[in-house]
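Residues per chain, in single letters:
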Amino acid sequence: MSDIPQERRVLTAIPGPKSVELQARRTAAVAAGVGSTLPVFTARAGGGIIEDVDGNRLIDFGSGIAVTSVGASAEAVVRRASAQLADFTHTCFMVTPYEGYVEVCERLAELTPGDHAKKSALFNSGAEAVENAVKIARAYTKRTAVVVFDHGYHGRTNLTMALTAKNMPYKQGFGPFAPEVYRVPMAYGYRWPTGPENAGAEASAQAIDEITKQIGAENVAAIIIEPVLGEGGFIEPAKGFLPAIARFAKDNGIVFVADEIQSGFCRTGQWFACEDEGLVPDLITTAKGIAGGLPLSAVTGRAEIMDAAHSGGLGGTYGGNPVACAGALGAIETMRELDLNARARRIEEVMKGRLEEMRAKLPNGGLIGDVRGRGAMIAIELVKPGTKDPDAAATAALAKACHAEGLLVLTCGTYGNVLRFLPPLVIGEDLLNEGLDILERAFATL
Ligand SMILES: *Cc1c(COP(=O)(O)O)cnc(C)c1O
């Protein structure tokens, strides 16, 4: 890790004058469609800190959206990627291959759930991995339909926009979307009409009924699901839901795809979130946390499914870039050496304890409708007190108050009313608690 002091420091307004200047250049040169949560320009980052160009040090509760789980300058990632950079930057694996790619696929076979024969293919982004999972499932099943869920998020390319539930900002004005995509209910416990205890059984029954009656199970190539939903609001599908859907897929020859792009690689306190209910997906998509910040993604799964696509049918110029593969090997080494699964579980314990305390003791704690998530993937859903009406305005105001004090937090959720916390798993406990102190004070400013 680089030697950035692991201390919050607020020297200027946030954003500071140098960031404001850069933001003006950015506005003139960068397309308006590319947004930023907080227009603070980064100078360096590592551990639990992001240092900006004005010398401010922000506590990082975002990890670049669940990417830098090992920190943004982890020693093993920097060492391995730098060495690879000096050896060669690229050959294209489809032209002349290299060992790093193979080694990442070997690690994926070891780490992902199930002890069946597995193979992988590597790509650059999460969306690309999801697209390829669909290609592979279609090639294997010779079927076309793809089933996804309410509140699901799978990316911003044309096919993955179709798979994604939320219109604004991801889809509005960008259609038409890919055909043969069907959306069914999700067991969103907090908002399930008959209560969270019934959500698993009722939502899975509804989903299966819709698949059977409206699509026809024999037409479905793949069911794609996030074992803990990310952009949709850190929703943990109610217990029983995932196993019921997985069983239905198995019984009907449908490829069950776990999209663990956000929830994977120690984020939830297990290597993969689907381990929580003992699920063994046929295919699993990974990206984000896989390579310590370098762009890499993968589809991993049953060898016979992965091999269904003809030679030359999968790939891409940069897929499994050697520097990104070296970064992944460094990130995985760090996760193992530092036992980041244990760290994630400890983060959950601290965060949930503090958040429940805030809900109980703050005069406006009633705003916190739900505290949820697993590991270092924790969220609060904000509502108008005494109701379940989403309060997106309070969510935005809380995030803004945190930013002003040097705590980077992100929002998410179909209703824009979820404050999510995704600290690097290597964050110090002092910084974690200081961040939660800032959040607690932010409630007082509302
Ligand atoms: C972020 C995300 C994606 C898309 O990944 P990109 O790298 O942004 O293309 C897909 N699925 C899930 C669950 C994600 O969180």
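Residues numbered from 1 in each chain as written. Predicted model: local features only at pLDDT ≥ 70, side-chain atom pairs only at ≥ 80, totals over all residues. Heavy atoms only, no water.

- Naming follows an unreviewed UniProt entry, where the protein chain appears as (S)-3-amino-2-methylpropionate transaminase of Streptomyces flavovirens.

**Side note on the site of the ligand**
Logical step 1: Within the structure, the ligand sits among Ser 125, Gly 126, Ala 127, Tyr 153, His 154, Gly 155, Glu 226, Asp 259, Ile 261, Gln 262 and Lys 288.
Logical step 2: Contacts to the ligand include Gln 262, whose side-chain N or O atom sits 2.8 Å from an oxygen atom.
Logical step 3: Contact with the protein chains removes 83% of the 380 Å² of surface that the ligand exposes when unbound.
Logical step 4: Residues that form the shell around the ligand fall into these classes: 3 nonpolar, 5 polar and 3 charged. (Near = heavy atom within 4 Å. Polar contact = N/O pair within 3.5 Å; in protein donor to acceptor, adjacent residues only side chain to side chain. Areas by Shrake-Rupley, 256 points an atom, 1.4 Å probe, with all protein chains shown as cover. Nonpolar A, V, L, I, M, F, W, Y, C, P; charged D, E, K, R; others polar.)

**Thoughts on the domain arrangement of the protein chain**
Logical step 1: Taken domain by domain, the protein chain consists of domain 1 (17-73 + 339-445) and domain 2 (76-337).
Logical step 2: For the pair domain 1 and domain 2, the two sides together bury roughly 3100 Å², of which 53% comes from carbon and sulfur.
Logical step 3: It is Asn 341, Arg 374 and Met 377 in domain 1 that bury the most area against domain 2; as a group they hold 26% of the surface buried on that side.
Logical step 4: Viewed at the interface, domain 2 and domain 1 are joined by 4 salt bridges.
Logical step 5: Joining domain 1 to domain 2, the criterion identifies 25 residue pairs in polar contact (both at pLDDT 80 or more).
Logical step 6: Breaking the side of domain 1 that touches domain 2 down by element, the ones donating at least two residues are α2 (63-66), α11 (340-361), β11 (368-374), β12 (377-382) and β15 (418-421). (Domains from an automatic or database assignment. Buried area = accessible area lost by both parts, 1.4 Å probe. Salt bridge = Lys/Arg side-chain N within 4 Å of Asp/Glu carboxyl O. Helix = DSSP H or I, 4+ residues; strand = E, 2+ residues; numbered from the N terminus.)

**Quick notes on unusual backbone geometry**
Logical step 1: At the junction of Ile 14 and Pro 15, the peptide bond is cis and its omega measures out at 0 degrees in the coordinates.
Logical step 2: Following the sequence through the fold, Pro 15 ends up in the segment before α1 (17-29).
Logical step 3: Of the consecutive residues Met 168 and Pro 169, the connecting peptide bond is found in the cis state with omega at 0 degrees.
Logical step 4: Mapped onto the secondary structure, Pro 169 falls in the loop between α6 (158-163) and β6 (181-184).
Logical step 5: In this structure, Lys 288 is a non-glycine residue whose phi angle is positive, near 20 degrees.
Logical step 6: Here Lys 288 shows up in the loop between β9 (283-286) and β10 (297-302).

**Section: the pattern of salt bridges**
Logical step 1: In the structure shown here, the tally under the stated rule is 28 salt bridges.
Logical step 2: Where Glu 381 meets Arg 191, a salt bridge forms, and the shortest distance between an N and an O atom there is 2.6 Å. With Glu 381 in strand β12 and Arg 191 in the loop between β6 and α7 (196-215), this residue pair connects regions lying 190 residues apart in the sequence.
Logical step 3: The residue Lys 213 makes a salt bridge to Asp 209 at a minimum N-O spacing of 3.0 Å. Here Asp 209 and Lys 213 lie together in helix α7, a separation of 4 residues that amounts to about one turn.
Logical step 4: Judged by its relative accessible area of 39%, Asp 209 falls in the partly exposed class. (Buried < 20%, exposed > 50% of the residue type's maximum accessible area, 1.4 Å probe, protein only.)

**Here's the deal with the sheet that holds strand β2 (residues 49-52)**
Logical step 1: The strand order β1-β2-β3-β13 describes an open sheet built from 4 strands, whose pairing is mixed. Taken across any chain shown, the strands that pair with only one partner, and hence form the sheet edges, are β1 (42-46) and β13 (407-408).
Logical step 2: Of the pairings in the sheet, the one linking β1 to β2 comprises 4 bridges and is antiparallel in character. Bridging across to β2, Thr 42 finds its partner in Asp 52.
Logical step 3: Across the sheet, helix α13 (residues 429-444) is in contact with β2, β3 (57-60) and β13; its angle to β3 comes to roughly 95 degrees. (Pairing = 2+ DSSP bridges. Contact = heavy atoms within 4.5 Å. Axes fitted to C-alpha atoms, helices over the stretch in contact; angles between N-to-C directions.)

**Examining the packing of aromatic side chains**
Where two aromatic rings form a pair, the distance of their centres and the angle of their planes describe that pair.
Logical step 1: With the rule as written, the count across this model stands at 9 aromatic pairs.
Logical step 2: For the ring pair Phe 265 and Phe 272, a centre distance of 5.2 Å and an interplane angle of 70 degrees mean the geometry is edge-to-face.
Logical step 3: Through pairs of rings, three or more aromatic residues link up here, namely Phe 88, Phe 93, Tyr 98 and Tyr 101.
Logical step 4: Directly above the aromatic system of Phe 177 lies the positively charged group of Lys 171, at a separation of 5.2 Å from the ring centroid.
Logical step 5: Seen from the ring of Tyr 190, Lys 388 lies directly overhead, with NZ or CZ sitting 4.5 Å from the centre. (Phe/Tyr/Trp six-rings, centres within 6.5 Å; stacked < 30°, edge-to-face > 60°. Lys NZ or Arg CZ within 6 Å of the ring centre and 35° of its normal.)

**Comments concerning the sheet that holds strand β4 (residues 118-123)**
Logical step 1: Taking strand neighbours across the sheet as the criterion, the 7 strands line up as β4-β10-β9-β8-β7-β5-β6 in an open arrangement whose pairing is mixed. Looking along the sheet, the strands with just one partner apiece sit at the ends: β4 and β6. Taken pair by pair, the neighbouring strands of this sheet meet at an average axis angle of 20 degrees, ignoring direction.
Logical step 2: The sheet contact formed by β4 and β10 spans 6 bridges and is antiparallel.

**Observations regarding the pairing of β11**
Logical step 1: Among the 7 residues in β11, 7 count as buried, and that is most of the element.
Logical step 2: In this structure, β11 lies alongside β12, joined through 6 bridges in antiparallel fashion. Along β12, the bridge assignment pairs Arg 374 with Met 377.
Logical step 3: Here β11 hands over to β12 after 2 residues, with Gly 375 in that stretch at a positive phi of 60 degrees.

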